[in-house]
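Take a look at the letters that make up each chain.
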Amino acid sequence: MYSEILRATGTYTDAEVALFEEAVATRHVNRNEVILHKGQVSQSIYYLLSGSVYQYEQVFELDQKIIDLRVQNEWFFDYQSLISQRPSETYIQAFTNCDLLELSLDTVHYLTGRSIAFLQLNKVLEGASERLRFFDQSMTPAEKYAFILKNRPRLIQAFPLKMISSYLKLTPETLSRVRKSIMKTTIS
């Protein structure tokens, strides 16, 4: 299992995979448990072995603006806080019970000190810029939803449409219209 997770970021020897397995921490997180609080400085990157998590900004007392959605076999972290080492502006919370791997910055530094092959873990950080490019593009609501359907369809199964619409920066009504339109197109 660890070898597939690690080798998805690059090429590693069996000894490097064993070193990773020894250094990484496993953690269970209960549903609704906050993994990173607003104001905390992010010190880790995580890999979801099972479950789903979401990152959000608390806009009003009961209103959340969804920043990111993650499901099983995906990496997640607060990019801004981790890179700048400043307090987080957002929360990361378990949507379901989760099992995850946690790689602290100290562990990453330890691993790269033992082998420069671990610099390939930077691919995990590059994944965060993918989301920024996604929302920087001027995509129509239909294009955004089609992108999710094609590239991350498990989000549709894991999260309610209200959260997906917030993630896509759409109103729930707009998302509903887009979904109806796509369904009509695929049925015709």
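One numbering rule holds for all chains: residues counted from 1, following each sequence as written. Whole-chain, interface and lining totals are the exception, using all residues; otherwise, since this is a predicted model, local features are given only for residues with pLDDT of at least 70 and side-chain atom pairs are given and counted only at 80 or more. As a convention, hydrogens and water are excluded, and side-chain values are obtained from all of the structure's heavy atoms.

## Details of the packing of helix H2 (residues 14-23) against helix H4 (residues 105-114)
Phase 1 of the analysis: Only C-alpha atoms enter the line fits that serve as axes; for helices the fit covers just the stretch in contact. Angles between N-to-C directions range over 0 to 180 degrees. Comment: elements are numbered from the N terminus, with helices defined as DSSP H or I runs of at least four residues and strands as E runs of at least two. As a packed pair, H2 and H4 sit with axes 11 Å apart at the nearest point and diverge in direction by 155 degrees. The pairing of H2 with H4 is recorded here as roughly antiparallel in orientation. Between H2 and H4 the crossing geometry is right-handed. Contacts from Leu19, Phe20 and Ala23 of H2 reach H4 at Thr107, Tyr110, Leu111 and Arg114. For classification purposes, angles smaller than 35 degrees are called roughly parallel, those larger than 145 roughly antiparallel, those between 65 and 115 roughly perpendicular, and all remaining angles oblique. A crossing counts as left-handed when the near helix is turned anticlockwise from the far one by less than a right angle, and as right-handed when that turn is clockwise. In this analysis, two residues are considered to be in contact whenever any of their non-hydrogen atoms come within 4.5 Å of each other.

## A closer look at the sheet that holds strand E3 (residues 44-50)
Phase 1 of the analysis: By the convention used here, strands pair only if DSSP detects at least 2 bridges between them. The strand order across the open sheet formed by 4 strands is E1-E8-E3-E6, and the pairing between neighbours is antiparallel. This sheet does not close on itself; its edge strands, each paired only once, are strand E1 (25-29) and strand E6 (75-76).
Phase 2 of the analysis: The pairing of E3 with E6 spans 2 bridges and is antiparallel. Across the sheet, residue tyrosine 47 finds its bridge partner in E6, namely tryptophan 75.

## Re the nonpolar core
Phase 1 of the analysis: In terms of nonpolar packing, the biggest core is built from 21 residues, with Leu6, Tyr12, Phe20, Ile45, Trp75, Leu103 and Phe118 touching the most fellow members.
Phase 2 of the analysis: Filtering out sequence-adjacent residues up to four positions away, tryptophan 75 remains in contact with Ile5, Thr9, Ile45, Tyr46, Tyr47, Arg70, Leu103 and Val124.
Phase 3 of the analysis: With 17 residues, the next largest nonpolar core counts Leu168, Leu170, Leu175 and Val178 among its residues. Here, the term nonpolar core denotes a set of buried Ala, Val, Leu, Ile, Met, Phe, Trp, Tyr and Cys residues that are joined through side-chain atoms within 4.5 Å. Only protein chains enter the calculation, and the probe is 1.4 Å; a residue is then buried if its accessible area is under 20% of its type maximum, exposed if over 50%, and partly exposed in between.

## Focus: the environment of alanine 94
Phase 1 of the analysis: Of note, alanine 94 is situated in strand E7 (residues 91-94).
Phase 2 of the analysis: It is 28 Å that separates the C-alpha atoms of alanine 94 and leucine 119, two residues lying 25 residues apart in sequence.
Phase 3 of the analysis: Setting aside residues up to four positions removed in sequence, alanine 94 forms contacts with Val29, Asn30, Arg31, Asn32, Glu33, Ile35, Ser52, Val53 and Tyr54.

## Notes on the sheet that holds strand E5 (residues 63-71)
Phase 1 of the analysis: Taken in spatial order, the 4 strands make up an open sheet running E2-E7-E4-E5, and their pairing is antiparallel. With one partner strand each, in any of the chains shown, strand E2 (34-36) and E5 form the two edges of the open sheet. Averaged over all pairs of adjacent strands, the angle between their axes in this sheet comes to 35 degrees, without regard to strand direction.
Phase 2 of the analysis: Here E2 runs beside E7; their pairing, made up of 2 bridges, is antiparallel. Bridge pairing in E7 links leucine 36 to isoleucine 92.

## Focus: the pattern of salt bridges
Should their charged atoms come close, side chains of opposite charge can pair.
Phase 1 of the analysis: Each reported salt bridge corresponds to a side-chain nitrogen of Lys or Arg within 4 Å of a carboxyl oxygen of Asp or Glu. Within this structure, the stated rule accounts for 5 salt bridges.
Phase 2 of the analysis: Across the pair glutamate 102 and arginine 27 runs a salt bridge, and its minimum N-O distance is 3.4 Å. Within this pair, whereas glutamate 102 is found in strand E8 (residues 98-104), its partner arginine 27 is found in strand E1, the two being separated by 75 residues in sequence.
Phase 3 of the analysis: Residue glutamate 102 is classed as buried on the basis of its relative accessible area of 19%.
Phase 4 of the analysis: Judged by relative accessible area, arginine 27 falls into the partly exposed class, the value being 26%.
Phase 5 of the analysis: Between glutamate 74 and arginine 70 there is a salt bridge, with the nearest N and O atoms lying 3.7 Å from each other.

## Structural notes on unusual backbone geometry
Phase 1 of the analysis: At glutamine 85, a residue that is not glycine, the phi angle is positive and equals roughly 55 degrees.
Phase 2 of the analysis: The topology assignment puts glutamine 85 in the loop between helix H3 (79-84) and E7.
Phase 3 of the analysis: Relative accessible area serves as the criterion here: at 34%, glutamine 85 is assigned to the partly exposed category.
Phase 4 of the analysis: The backbone of lysine 169 shows a phi angle near 60 degrees, a positive value even though the residue is not glycine.

Nothing here speaks to function; it is all geometry.
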